[in-house]
Amino acid sequence: METLIIEKAIIISFSVIAIWCMMLNGMIFGKIRELNVPKWMREPLYECPVCSTPYYGSIIYWLFLRGGIIEWILVIFVAMGIATIFVKIKRN
């Protein structure tokens, strides 16, 4: 059964948000925040789910969802949009 682009984007977005949540203070990987990580690396690593999506999302895409290069780019951009909506809702 073929998975639609929006389905792949939702899977990736929710997966990246879950990874991000696991790195919050008090969570299972919250200790990662105590490491001496350079400032430029913090957002894509654990501070911003939107910034993390191209990295973690690409790993998830190529390991589990597989498709073409054009589809990968589109799925990542849509997943970033979904993560942006999540972040905006969370902040309000």
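Shown above is the structure to which this text applies.
Quantities reported herein were computed from a predicted structural model and do not represent experimental measurements.

Thoughts on the side chain of serine 52
Structurally, the position occupied by serine 52 is in helix H3 (residues 49-65). Each residue touching serine 52, except ones within four places of it in the same chain, is listed here: Val16, Glu43, Pro44, Leu45, Tyr46 and Gly57.

Some details on the nonpolar core
By size, the foremost hydrophobic cluster in this structure holds 13 residues, and its most contacted members are Ile12, Val16, Tyr61 and Val75. Elements with a contribution of two residues or more to this core: helix H1 (5-22), H3 and helix H4 (69-91). No other element matches the 4 residues that H3 contributes to this core. In this view, valine 75 contacts Ile5, Lys8, Ala9, Ile12 and Tyr61; residues no more than four positions away in its chain are not counted.

Observations concerning the packing of helix H2 (residues 39-47) against H3
Packing of H2 against H3 brings their axes to within 7 Å, and their N-to-C directions diverge by 80°. Our classification of the angle between H2 and H3 gives roughly perpendicular. The residues of H3 that touch H2, namely those facing Glu43, Pro44, Leu45, Tyr46 and Glu47, are Pro49, Cys51, Ser52, Tyr55 and Tyr56. Of the residues that constitute the contact of H2 with H3, the class distribution is 7 nonpolar, 1 polar and 2 charged.

Considerations on the packing of H1 against H3
Interhelical geometry of H1 versus H3 gives an angle of 120° and a closest axis separation of 8 Å. Classified by the interaxial angle, the pair formed by H1 and H3 is oblique. Here the hand of the crossing between H1 and H3 comes out right-handed. The segment H1 lies against H3, with Lys8, Ile11, Ile12, Ser15, Val16, Ile17, Ile19 and Trp20 engaging Pro49, Ser52, Thr53, Tyr56, Gly57, Ile60, Tyr61 and Leu65. Looking at the contact of H1 with H3 residue by residue, the classes come out as 11 nonpolar, 4 polar and 1 charged.

Some remarks on the packing of aromatic side chains
Tallying each qualifying case throughout the model produces 3 aromatic pairs. Centre to centre, the rings of tyrosine 61 and tryptophan 62 are 4.9 Å apart; their planes meet at 90°, and the pair counts as edge-to-face. Looking at tyrosine 61, the relative accessible area reads 0%, which means it is buried. An aromatic cluster of at least three residues, connected via ring pairs, comprises Tyr61, Trp62 and Trp72.

Basis of the calculations
Residues numbered from 1 in each chain as written. Predicted model: local features only at pLDDT ≥ 70, side-chain atom pairs only at ≥ 80, totals over all residues. Heavy atoms only, no water. Helix = DSSP H or I, 4+ residues; strand = E, 2+ residues; numbered from the N terminus. Contact = heavy atoms within 4.5 Å. Core = buried A, V, L, I, M, F, W, Y, C linked by side-chain atoms within 4.5 Å. Buried < 20%, exposed > 50% of the residue type's maximum accessible area, 1.4 Å probe, protein only. Axes fitted to C-alpha atoms, helices over the stretch in contact; angles between N-to-C directions. Parallel < 35°, antiparallel > 145°, perpendicular 65-115°, else oblique. Nonpolar A, V, L, I, M, F, W, Y, C, P; charged D, E, K, R; others polar. Left-handed = near helix turned anticlockwise from the far one by under 90°. Phe/Tyr/Trp six-rings, centres within 6.5 Å; stacked < 30°, edge-to-face > 60°.

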